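# Residue-level structure breakdown
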Amino acid sequence: MIPGARLIILGRQGAGKGTQCVRLSRHYVVPHISTGDMLRAAVRERTELGLMAKEVMDSGALVGDDIMIGIVDERLRRPDADGRGYILDGFPRTVAQAEALDKITVERPIQVVIDLDVPRDIVLARISARRVCRDCGTNYTATGNERQPWICEVCGGDVMQRDDDTPDAVNRRLDLYETQTAPLIEFYEGQGRMVVVDGVGHPDDVFRRLTAAVDAAQGVAGT
Ligand code: AP5
């Protein structure tokens, strides 16, 4: 039986965190908790949080730490995450969020933190070609030959460019990553929980590297 997992996936915007977390979630049978997806759902549903977050997200800035910590704390208490574990994608994004997460998970700590490493020039190319399903969030890569309107093959929703995938917002997100999120790598290295995985290559190869890293960290025999 595949054991559950309590993982954090870090990495630049466009590194493939969302793409790989969907696969990892199926593999380890744990929920994929993406704070970006949670915020986009709130925007779609026009909740108070969504109305506040939309402007911040579209500009490429970060939503406030207190709000994000509250959302994640509440989500990790639900039975699915409290049982087999979870994969955190997009959280923590600041050292303040990481310190809060340590307190939230004190009884069942995170097992491994993965830095999915992809250079900036490659993520820029990936993001400019990224298209997503408005309804289910499935990722696609545009080649320019798609039939319009582009319909999601998973749920039939509209496939579009994300509102925050404009060149200005992407550059701002990548700059913020260097100042706010990259220090997390040092934070987790200091705790001895950090593993760097090469995120360049075919998604199947990246997935194999990720599961090998997680299994090794969990001490699963044969990895
Ligand atoms: P979020 O949704 O987390 O966005 P992000 O960090 O910008 O990450 P991305 O979704 O851009 O990249 P990804 O690594 O998931 O790449 P993907 O798999 O799509 O956050 C959005 C916003 O919400 C933030 O800017 C912020 O405002 C707010 N927010 C969220 N969390 C927050 C927090 N904790 N605190 C404060 N604010 C927060 O892949 C990219 C593309 O590449 C896709 O097209 C994919 O098909 C393709 N691809 C993937 N893998 C490969 C591969 N191996 N080879 C070739 N192409 C590939």
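Residues numbered from 1 in each chain as written. Predicted model: local features only at pLDDT ≥ 70, side-chain atom pairs only at ≥ 80, totals over all residues. Heavy atoms only, no water.

Before going further, it helps to examine the environment of Leu 116. Inspection of the secondary structure assignment puts Leu 116 in strand S4 (residues 112-117). Separated by 87 residues in the primary sequence, Leu 116 and Val 29 place their C-alpha atoms 20 Å from one another. (Helix = DSSP H or I, 4+ residues; strand = E, 2+ residues; numbered from the N terminus.)

Quick look at the nonpolar core now. In terms of nonpolar packing, the biggest core is built from 26 residues, with Ile 8, Leu 10, Leu 88, Leu 101 and Tyr 188 touching the most fellow members. Listed by contribution, the elements that provide at least two residues to this core are strand S1 (5-10), helix H3 (48-59), helix H4 (65-76), strand S3 (85-89), helix H6 (95-104) and helix H9 (183-190). For this core, the element with the highest residue contribution is H4, accounting for five residues. Ignoring any residue separated from it by four or fewer positions in sequence, one finds Leu 101 in contact with Ile 8, Leu 76, Leu 88, Phe 91, Pro 92, Ile 110 and Tyr 188. Within the second largest apolar cluster, 23 residues are counted, among which are Ile 87, Leu 174, Val 197 and Val 214. (Core = buried A, V, L, I, M, F, W, Y, C linked by side-chain atoms within 4.5 Å. Buried < 20%, exposed > 50% of the residue type's maximum accessible area, 1.4 Å probe, protein only. Contact = heavy atoms within 4.5 Å.)

Attention now moves to the site of the ligand. Taken together, the neighbourhood of the ligand is formed by 32 residues, with Thr 19, Ala 61, Arg 93, Arg 130 and Arg 173 sitting nearest. Between Thr 19 and the ligand, the recorded distance is 2.6 Å, taken from a side-chain N or O atom to an oxygen atom. Protein coverage of the free-state accessible area of the ligand, which is 1100 Å², stands at 92%. Mapped onto the shell around the ligand, the elements with two or more residues apiece are helix H1 (17-28), helix H2 (35-44) and strand S6 (139-141). Of all the elements, H2 adds the most residues to the shell around the ligand, at four residues. Tallied by class, residues from the shell around the ligand come to 10 nonpolar, 13 polar and nine charged. (Near = heavy atom within 4 Å. Polar contact = N/O pair within 3.5 Å; in protein donor to acceptor, adjacent residues only side chain to side chain. Areas by Shrake-Rupley, 256 points an atom, 1.4 Å probe, with all protein chains shown as cover. Nonpolar A, V, L, I, M, F, W, Y, C, P; charged D, E, K, R; others polar.)

Turning to the layout of surface pockets, a few remarks are in order. Empty space left among the atoms is revealed by rolling a probe the size of a water molecule over them. Approximately 260 Å³ is the volume found for the second largest pocket. Along the wall of the second largest pocket there are 13 residues; nearest its centre are Leu 76, Asp 82, Ile 104, Thr 105 and Arg 108. Elements with a minimum of two residues in the lining of the second largest pocket: H4, helix H5 (79-83) and H6. Here the residues of the lining of the second largest pocket are counted per class, giving five nonpolar, one polar and seven charged. (1 Å grid on protein atoms, 1.4 Å probe; cavity = no way out; pocket = protein on both sides within 12 Å on 5 of 7 lines; lining within 4 Å. Points joined across faces, edges and corners; volume = space filled by probe spheres on them.)

The values reported here are purely geometric and, on their own, carry no functional implication.
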